[in-house]
Amino acid sequence: MTKPLGVILAGGLATRMGGGDKGLLEIGGRPLLSHVIDRLVPQVDGLALNANGDPERFSDLNLPVIPDTIEGFAGPLAGVLAGLDWAAGQGADSIVTAAADTPFFPRDLAQRLMQAAEGQAYPLVLATTPRTGDEALKSGGGKRINRHPTFGLWPVALRDDLRAALNDGLRKVVLWTDKHDGREALFPAEPFDPFFNVNTPDDLARAEKLLEQA
């Protein structure tokens, strides 16, 4: 099983953190992005960072920085498309994406996503976790899982289809993945959800505490 390329999605607006780059906030004395890179590098054959604006602010990371190619803030799918275009230039068939503000995602993310894609014409898989506690009581169209749309396996072969969908105004990830019979890979959510992400100052404080368990 050959490894895919990896793309870290860092194009969010971080409005609940007062703007700026969430990935540059620190836990354990290091930026969130450094924790994400450490987890993703062993799982992939090469790594790039999807971010908009001046790439020099990420120069210490020594990664190629690829901006969105869709005008305006088009959400995570625009970052996925930028990653697929970059991967096409590298001659790759697929990418695995991870969010820049999620430092504890599984160390076997890529492997599990690729296993779930076996037999698919186009490897397209999103990471999921079971709903726990009060979340299990929420309505969800019959689904008792949380889908994590910034953590997925994406096929280079569908990049032009994705580009057309984005240009037509599509922004919701699962609408596109469902259209192409995307699959799901279920990860455990104990002792905590590994896809916990930092959205608020309280989340950052929690991440600092979780660092000891992760």
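Every value quoted in this text rests on a predicted model; they were computed, and no experiment measured them.

Conventions and cut-offs
Residues numbered from 1 in each chain as written. Predicted model: local features only at pLDDT ≥ 70, side-chain atom pairs only at ≥ 80, totals over all residues. Heavy atoms only, no water. Helix = DSSP H or I, 4+ residues; strand = E, 2+ residues; numbered from the N terminus. Rg over C-alpha atoms; globule rule 2.2 N^0.38 Å. Buried < 20%, exposed > 50% of the residue type's maximum accessible area, 1.4 Å probe, protein only. Contact = heavy atoms within 4.5 Å. Areas by Shrake-Rupley, 256 points an atom, 1.4 Å probe, with all protein chains shown as cover. Lys, Arg positive; Asp, Glu negative; His and termini not counted. Charge placed at Lys NZ, Arg CZ, Asp CG, Glu CD. Salt bridge = Lys/Arg side-chain N within 4 Å of Asp/Glu carboxyl O. Axes fitted to C-alpha atoms, helices over the stretch in contact; angles between N-to-C directions. Parallel < 35°, antiparallel > 145°, perpendicular 65-115°, else oblique. Left-handed = near helix turned anticlockwise from the far one by under 90°. Pairing = 2+ DSSP bridges. Core = buried A, V, L, I, M, F, W, Y, C linked by side-chain atoms within 4.5 Å. Expected span 1.5 Å × (residues − 1).

Structural notes on the overall build of the protein
When helices and strands are counted, the protein shows six helices and nine strands. On C-alpha atoms alone, the protein measures out to a radius of gyration of 16 Å, which is about the 17 Å that the 2.2 N^0.38 rule sets for 214 residues. In terms of overall dimensions, the protein has C-alpha extents of about 45 × 40 × 35 Å along its principal axes. With 214 residues in all, the protein has 48% of them scored as buried. Sequence separation of 24 or more characterises 71% of the internal contacts of the protein that already satisfy a separation of 6 or more. Summing over all exposed atoms, the protein offers an accessible surface of approximately 10300 Å²; the carbon and sulfur share of this is 49%. Looking at the protein, you have 21 positive and 28 negative side-chain charges, and the mean spots of the two groups are 5 Å apart.

Let's talk about the pattern of salt bridges
Evaluation of the coordinates by the stated rule reveals 10 salt bridges. The residue K22 makes a salt bridge to D101 at a minimum N-O spacing of 2.5 Å. A residue pair is termed long-range when its members are at least 10 positions apart, and K22 in the loop between β1 (5-9) and β2 (26-27) and D101 in the loop between β6 (94-99) and α3 (109-116) qualify at 79 residues. According to the relative accessible area criterion, D101 is buried, its value standing at 10%. Linking D108 and R112 is a salt bridge whose minimum nitrogen-to-oxygen distance equals 3.4 Å.

Some points on the packing of helix α2 (residues 76-89) against helix α4 (residues 159-167)
Close contact between α2 and α4 brings their axes to 10 Å; oriented N to C, the two are set at 150°. The angle between α2 and α4 places the two elements in the roughly antiparallel class. The hand of the α2/α4 crossing is left-handed. Contacts between α2 and α4 involve L77, A78, V80, L81, L84, D85 and A88 from the first element and R159, L162, R163 and L166 from the second.

Quick look at the sheet that holds strand β4 (residues 47-50)
Within a sheet, neighbouring strands are paired by backbone hydrogen bonds and run either parallel or antiparallel to one another. Pairing within the open sheet is mixed, and its seven strands lie in the order β5-β4-β1-β6-β8-β7-β9. The open sheet has two edge strands with one neighbour each: β5 (65-66) and β9 (183-186). As judged from the four bridges shared by β6 and strand β8 (residues 145-155), these two strands associate in the antiparallel manner. Paired with S94 across the strands is P155, a residue of β8. Lying over the sheet, α2 contacts β1, β4, β5, β6 and β8, oriented at roughly 150° with respect to β1.

Comments concerning the nonpolar core
Core analysis: the biggest nonpolar cluster contains 29 residues, and I8, L40, L49, F105, L109, L113 and F151 have the highest contact counts within it. Ignoring sequence-local partners within four residues, the contact set of I8 consists of L33, V36, I37, L40, L47, A48, L49, N50, A98, A99 and A100. Grouped together as the second largest cluster of nonpolar side chains are 28 residues, L77, L124, L126 and A165 included.

Section: the environment of P123
Structurally, P123 is set in the loop between α3 and β7 (125-130). Overall, P123 belongs to the partly exposed group, its relative accessible area being 23%. Taking the C-alpha atoms as reference points, P123 and P149, 26 residues apart in sequence, are found 15 Å from one another.

Focus: α2
One turn of the α-helix equals 3.6 residues, which is why residues spaced by three or four share an orientation. A rise of 1.5 Å per residue sets the reference length of α2, with its 14 residues, at 20 Å; its end C-alpha atoms lie 20 Å apart and thus fit the reference within 8%. Here α2 lies mainly inside the structure; 11 of its 14 residues are buried. A positive backbone phi angle near 80° is found at G91, which sits one or two residues after α2.

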